[in-house]
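Breakdown of the fold
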Amino acid sequence: MRNYIDKLFFDLIAEFKIKPEDELYLNMKNKFCMLDGSTKDGIQDFLNKFGYWGELDVKTGNYEVFRDKARVFKRRVKDFVWLYNRLCDYKSKYVLFSVLNNYYNFDFINLYNATTRDFKQYFDIDLMKNAAKEVYVDVGAYTGDSALDFINSFGETYKNIYLFEITKNILAIAKDRTKNYENIIFKNVAVSNKKGFGYLEENKSGSSANCVAESGSVKIEKVTLDSEIDEKIDVIKMDIEGGEANALKGAKMHIKRDSPTLLIAIYHGNKDIVRIPRLINKLNPNYNFYIRYHGGNIYATEIDLVCIKKENEV
């Protein structure tokens, strides 16, 4: 017997299955065009500022972002069903529906209702009970905000904290903000699927969106978590502007051997919401999956996948 969340999700999936790709695209385009002017301008500016999901330019008739999402909805429909069935609570299932329905129907109400407001981003203490003697690895540490949230959520009971950040001056801020805490290791390197070198690409929208490119003026070393950390890892958080899949591949030894809790951003590409869970399941099928949402209610970002070893199920 399906409950109302099941019905919401599978009714949406039925539409993805039945309608041709062009109709899915036109639905998004038409729903977008029906929005008020300020909301449309805000969404367009946001999408183009970051560039993760495709271009949107109403004046030139460029609706690439909707074309790409329609393609993902149509061709990855089985993956969406697989993910829904793998999620371990109805809070997660509701988040998945609300995110997809926001993209497809510009539904702001369900997205607002699906937002987690009671815990810090990534650190749902209903899922993660404590961090006693644990090793926490923060990939995309930025100014140390997530590391401080980790400490504030669970106390100073951790063993070691590793902070990886590609922007040198931003890492310096993280060092200053965490100077009163012990056993924090700072790494000004990029985390990927293999060792090598890349170049820092600064995003005009802000340093939190900086990423690694193939060319540039500021050279940066690329490492893997498997090569960089020898000790057992208990928690890995990743938010690196679309580099999460490669970074996970570079941590496959730790993921297979240690089964660390994984806290992974899955919104930096139209496929990430399904391809990253599929990748993790391939690396280690012994996880329970959850999704939490911490973004705004206009356009879904800040979507986090939480993977917890099955023996630790709560």
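Above this text you will find the structure in question.
The strand order across the open sheet built from seven strands is 3-2-1-8-9-11-10, with neighbouring strands paired in mixed fashion. Lying at the two open borders of the sheet, with one neighbouring strand each, are strand 3 (184-187) and strand 10 (287-293). Between one strand axis and the next, the sheet turns by 15° as a mean value, whatever way the strands run. Relative to strand 11 (residues 303-309), strand 10 runs antiparallel, the two sharing seven bridges. In the strand pairing of strand 11, Tyr290 is matched with Val306. Across the sheet, helix 9 (residues 168-177) lies against strand 2 (160-164) and strand 3, angled at about 170° from strand 3, the strand it touches most.

Bringing empty space enclosed by the protein into the picture now. Per the stated rule, a full pass over the model turns up two cavities of 30 Å³ or more. In this structure, the largest cavity is lined by Trp53, Lys69, Val72, Phe73, Phe80, Leu100, Tyr103, Ile266, Tyr267, Gly269, Asn270 and Ile273. Going through the elements one at a time, helix 4 (64-75) and helix 6 (90-105) are the ones with two or more residues in the lining of the largest cavity. Top element by residues in the lining of the largest cavity is helix 4. It accounts for three residues. Of the residues that constitute the lining of the largest cavity, the class distribution is nine nonpolar, two polar and one charged. Contributing to the lining of the second largest cavity are Thr116, Phe119, Lys120, Tyr122, Phe123, Asp124, Arg292, His294, Asp304 and Val306. By residue class, the composition of the lining of the second largest cavity is four nonpolar, two polar and four charged.

Quick look at the pairing of strand 7 (residues 219-223) now. Relative to strand 7, strand 4 (residues 190-191) runs parallel, the two sharing two bridges. Within strand 7, the position partnered with Val191 by the bridge is Val223.

Moving on, we get to the pairing of strand 9 (residues 261-265). Most of strand 9 is tucked away: five of the five residues are buried. Across four bridges, strand 9 lies against strand 11 in antiparallel orientation. In the strand pairing of strand 11, Ile264 is matched with Leu305.

Enumeration according to the criterion identifies 25 aromatic pairs in this entry. Ring centres of Phe46 and Trp53 lie 5.7 Å apart, and the angle between their planes is 20°; on these two criteria the pair is classed as stacked. Arranged with centres 5.2 Å apart and planes meeting at 45°, the rings of Tyr103 and Tyr299 form a pair that is tilted. Placement of Tyr103 in helix 6 and of Tyr299 in the loop between strand 10 and strand 11 is noted, with a sequence separation of 196 residues between them. Grouping residues by exposure puts Tyr103 and Tyr299 together as buried. A network of ring pairs unites the aromatic residues Phe46, Phe50, Tyr52, Trp53, Tyr103 and Tyr299 as a single cluster. Looking at Lys93, its charged tip hangs above the ring of Tyr90, at a distance of 5.5 Å from the centre. Stacked on the ring of Tyr112, the Lys or Arg Arg117 has its end atom at 4.1 Å from the ring centre.

Definitions and cut-offs
Residues numbered from 1 in each chain as written. Predicted model: local features only at pLDDT ≥ 70, side-chain atom pairs only at ≥ 80, totals over all residues. Heavy atoms only, no water. Pairing = 2+ DSSP bridges. Helix = DSSP H or I, 4+ residues; strand = E, 2+ residues; numbered from the N terminus. Axes fitted to C-alpha atoms, helices over the stretch in contact; angles between N-to-C directions. Contact = heavy atoms within 4.5 Å. 1 Å grid on protein atoms, 1.4 Å probe; cavity = no way out; pocket = protein on both sides within 12 Å on 5 of 7 lines; lining within 4 Å. Points joined across faces, edges and corners; volume = space filled by probe spheres on them. Nonpolar A, V, L, I, M, F, W, Y, C, P; charged D, E, K, R; others polar. Buried < 20%, exposed > 50% of the residue type's maximum accessible area, 1.4 Å probe, protein only. Phe/Tyr/Trp six-rings, centres within 6.5 Å; stacked < 30°, edge-to-face > 60°. Lys NZ or Arg CZ within 6 Å of the ring centre and 35° of its normal.

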